[in-house]
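Fold and geometry: a report
Spelled out, the chains give:
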Amino acid sequence: MTIISQTAGQSLRPSSSSGFFSTLATAVYALFERLEHRSAVKTLNELDDRALRDIGITRSQIEDAVYGQFKAELSRYL
């Protein structure tokens, strides 16, 4: 009976710290994703126009290709 009476008063709601860590993990993931995208844009900008043409994009399409807004155009080559 002692165990039942002790656990009956406890809340089943998650603690506020788990929400904080979830938010923190989401923010860290977003930061790393942003840094990865920036690195990809920088790498592609360092290529010459011929190399970009070989992979099927122009210089003006680099950011769209990296951020996923160019999928429909690229998919016809796959």
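Residues numbered from 1 in each chain as written. Predicted model: local features only at pLDDT ≥ 70, side-chain atom pairs only at ≥ 80, totals over all residues. Heavy atoms only, no water.

Quick look at the nonpolar core
Grouped together as the largest cluster of nonpolar side chains are six residues: Val41, Leu44, Leu52, Ile57, Ile62 and Val66. Elements represented by at least two residues in this core include exactly helix H2 (16–46) and helix H4 (62–66). Beyond its immediate chain neighbours, meaning those up to four positions away, Leu52 contacts Leu44, Leu47, Ile57, Thr58, Arg59 and Ile62. (Core = buried A, V, L, I, M, F, W, Y, C linked by side-chain atoms within 4.5 Å. Buried < 20%, exposed > 50% of the residue type's maximum accessible area, 1.4 Å probe, protein only. Helix = DSSP H or I, 4+ residues; strand = E, 2+ residues; numbered from the N terminus. Contact = heavy atoms within 4.5 Å.)

Remarks on the UniProt feature "domain: YjiS-like" (unreviewed entry) in the chain
Taking the numbering used here, the UniProt-annotated feature "domain: YjiS-like" (unreviewed entry) corresponds to residues 35–63. Helix and strand shares over residues 35–63 are 72% and 0% respectively, and the end C-alpha atoms of the span are 13 Å apart. (UniProt positions renumbered as here; feature names shortened; annotations may be inferred.)

Overview of the packing of aromatic side chains
This model, assessed by the stated rule, comprises one aromatic pair. Ring centres of Phe20 and Phe21 lie 5.3 Å apart, and the angle between their planes is 65°; on these two criteria the pair is classed as edge-to-face. (Phe/Tyr/Trp six-rings, centres within 6.5 Å; stacked < 30°, edge-to-face > 60°.)

Brief notes about the pattern of salt bridges
Under the counting rule described, the total for this entry stands at one salt bridge. For Arg59, the salt bridge identified is with Asp49, shortest N-O distance 3.0 Å. Of this pair, Arg59 sits in the loop between helix H3 (49–55) and H4 while Asp49 sits in helix H3, placing them ten residues apart in sequence. Residue classification places Asp49 among the partly exposed residues on the basis of a relative accessible area of 48%. (Salt bridge = Lys/Arg side-chain N within 4 Å of Asp/Glu carboxyl O.)

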